[in-house]
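In case you want the letters, here they are:
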Amino acid sequence: MSRFHQDFSAIFDIRYLIFDVRTTNHELRTTILGVKHRMMKVTVLTLFPEMFAPLQESILKRAQEAGLVKIHLVDFRDYAASKHKNVDDVPYGGGAGMLLKPEPIFAAIRDLPQPEGKRRVILTSPQGNVFHQAKAEEWFEQDELVFICGHYEGFDERIRELADEEVSIGDYVLTGGELAAMVMIDAVVRLIPGVLGEDTSAQEDSHSISLLEYPQYTRPADFEGRQVPEVLLSGHHARIKQWRRKESLRRTFLRRPDLIKAVTFGVDDYPLLEELLLEHEEIAEWQVLWKHLCPRPKRRRKSLKNPEGKQSQELPLRELEVSEIDI
Ligand SMILES: C[S@@+](CC[C@H](N)C(=O)[O-])C[C@H]1O[C@@H](n2cnc3c(N)ncnc32)[C@H](O)[C@@H]1O
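Residues numbered from 1 in each chain as written. Predicted model: local features only at pLDDT ≥ 70, side-chain atom pairs only at ≥ 80, totals over all residues.

(A) View of the overall build of the protein. The secondary structure content of the protein amounts to nine helices and twelve strands. When each of the 327 residues of the protein is scored for burial, the buried share is 22%. Across the protein, every contact between residues at least 6 apart in sequence was considered, and the portion connecting residues at least 24 apart equals 71%. (Helix = DSSP H or I, 4+ residues; strand = E, 2+ residues; numbered from the N terminus. Buried ≥ 20, exposed ≤ 12 C-beta atoms within 10 Å, placed from the backbone. Contact = placed C-beta atoms within 7 Å.)

(B) Seen up close, helix α3 (residues 102-110). Among the residues making up α3, those that are buried are P104, I105 and A108. The buried residues of α3 all sit within an arc of 95° when viewed along its axis, so they share a single face. Looking at the packing, one finds that the buried side of α3 touches β4 (40-46), β5 (69-75), β7 (99-100) and β9 (144-148). (Arc of directions from axis to C-beta.)

(C) Summary view of the sheet that holds strand β8 (residues 119-130). Reading across the sheet, the five strands line up as β5-β4-β9-β8-β10 and stay open at both edges, with parallel pairing between neighbours. Only two strands of the sheet have a single neighbouring strand rather than two, namely β5 and β10 (165-168). Ignoring which end each strand starts from, the neighbouring axes of this sheet average 30° apart. Bridge count between β4 and β5: seven bridges; the pairing is parallel. Bridging across to β5, V42 finds its partner in I71. Helix α5 (residues 178-189) contacts β4, β5, β8, β9 and β10 of the sheet and is inclined by roughly 175° relative to β4. (Pairing = 2+ DSSP bridges. Axes fitted to C-alpha atoms, helices over the stretch in contact; angles between N-to-C directions.)

(D) Main features of the site of the ligand. Near the ligand you find 20 residues, and of these T124, G150, G154, G177 and A180 are the closest. Top contributing element to the shell around the ligand by residue count: β8, with four residues. (Near = placed C-beta within 6 Å.)

(E) Just the nonpolar core, in detail. By size, the foremost hydrophobic cluster in this structure holds 44 residues, and its most contacted members are L45, F147, A181, M184, I185 and V188. Elements supplying a minimum of two residues to this core: β4, α2 (58-65), β7, α3, β8, α4 (133-140), β9 and α5. Top contributing element to this core by residue count: α5, with eight residues. Contact partners of I185, with chain neighbours within four places excluded, come to V42 and L55. In this structure, L249, F253, I283 and W290 belong to the second largest nonpolar core, which totals eight residues. (Core = buried A, V, L, I, M, F, W, Y, C linked by C-beta atoms within 7 Å.)

(F) View of unusual backbone geometry. That bond from R219 to P220 is cis: its omega, 5°, falls within 30 degrees of zero. Structurally, the position occupied by P220 is in the loop between α6 (199-203) and β11 (222-223). Its identity is not glycine, yet Y152 carries a phi of approximately 55°, on the positive side. By the secondary structure assignment, Y152 is in the loop between β9 and β10. Given 15 C-beta atoms within a 10 Å radius, Y152 is considered partly exposed. Although it is not a glycine, E224 sits at a positive phi angle of roughly 50°. Mapped onto the fold, E224 is located in the loop between β11 and β12 (226-227). Look at E224 and you get exposed, because 5 C-beta atoms sit within 10 Å.

(G) Region of the structure containing the environment of W139. For W139, the position within the fold is in helix α4. Residue W139 is classed as buried on the basis of its C-beta count, with 22 C-beta atoms lying within 10 Å. Considered as a pair, W139 and R119 are 20 residues apart in the sequence and their alpha carbons are 9.3 Å apart. Residue contacts for W139: discarding those within four places in its chain leaves R120, L145 and V188.

(H) Summary view of the environment of R244. Summarising the element assignment, R244 is placed in helix α8 (residues 237-255). When the C-alpha positions of R244 and Q216 are compared, they lie 9.1 Å apart, and in sequence the two are 28 residues distant.

(I) Structural context of the confidence of the model for the protein. Mean pLDDT over the protein: 85, with 79% of residues reaching 70 or higher. Per-residue pLDDT stays below 50 along residues 1-28; that stretch engages in 34 contacts with residues further than four places along the chain or on separate chains. (pLDDT = per-residue confidence, 0-100.)

(J) Expanded view of the environment of F155. Tracing the sequence through the fold places F155 in the loop between β9 and β10. Taking the C-beta count within 10 Å as the criterion, F155 has 25 such neighbours and is therefore assigned buried. Sequence separation of F155 and S125 is 30 residues, and the distance between their C-alpha atoms is 9.2 Å.

(K) Looking closely at α8. Under the 1.5 Å per step criterion, the end-to-end length of α8 is 26 Å for 19 residues, consistent within 8% with the ideal 27 Å. Those residues of α8 lying buried are E247, S248, L249, R250, T252 and F253. Among the structural elements, α9 (269-279) are those in contact with the buried residues of α8. (Expected span 1.5 Å × (residues − 1).)

Okay, structure coming up:
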């Protein structure tokens, strides 16, 4: 059976083993294989609910079918009071474009059911803080996320007060908040245990531990002369783990050095980092971040031959410089 089929059938089994969905202490929980999982609720206020069709495909579709997430789309045009259901108007003071009016969005938010637990209201906006993995992990702790999608030239300023936070998916301007909301929903939902095949796979992804993911290979071992690194075929788990850590470090140093400051280095990283330093001299500027991990020379014990416990010439009693250590 192919890996795809194995993964797919595992998820399929989970679907049929759900036997209990109920509300306890304001938290919607679903029981899968005897383990309780929280059901996250995602509500999206949008003028274009049809744009969310991609959420009905693949992993997100299965997550909804498995009761791990419930996605609720609210067309706030339904809350427009005017005969023609207008949701936008010209800006005071003049200027190009139309702004979303406050009334329909306020009414839609006020009409949401009482939150079952912790709820966060997010305004999609190019003016917000830029979304990143740590934010996805923070939101994953919530019971409900509510996204407000703007459109046209933006929002009436008073709409901002409805939101707990204003978030952008990057320093560029989209035509509407729908694509931004979908990106963020995807990043949060895949963190829910049971959504991906293995719970560990989300933890090892790039950004989950501030490091980019190491290179991955699948069969064939030799593709038109391009070989899979020998260590990955060795079956030696400790060596594979070490190789992956080193390659993650290498990728992060070379591609995203801005992430390096957030990495927590362990003592086992020291030899890997020193090897990388020999391979890429440009990473020397970060050396200060791991210098403290340099193994200290052992103190000599007093002995009859050396009653003072003096250090030999070859091993002076001082911390060695990183450049002096022979790995
Ligand atoms: C054309 S934009 C409006 C931009 C607005 N005039 C401004 O300068 O802030 C329309 C809507 O798309 C969404 N949007 C655009 N770019 C975005 C981004 N980078 N991240 C998140 N949402 C974005 C927001 O909901 C925004 O209200």
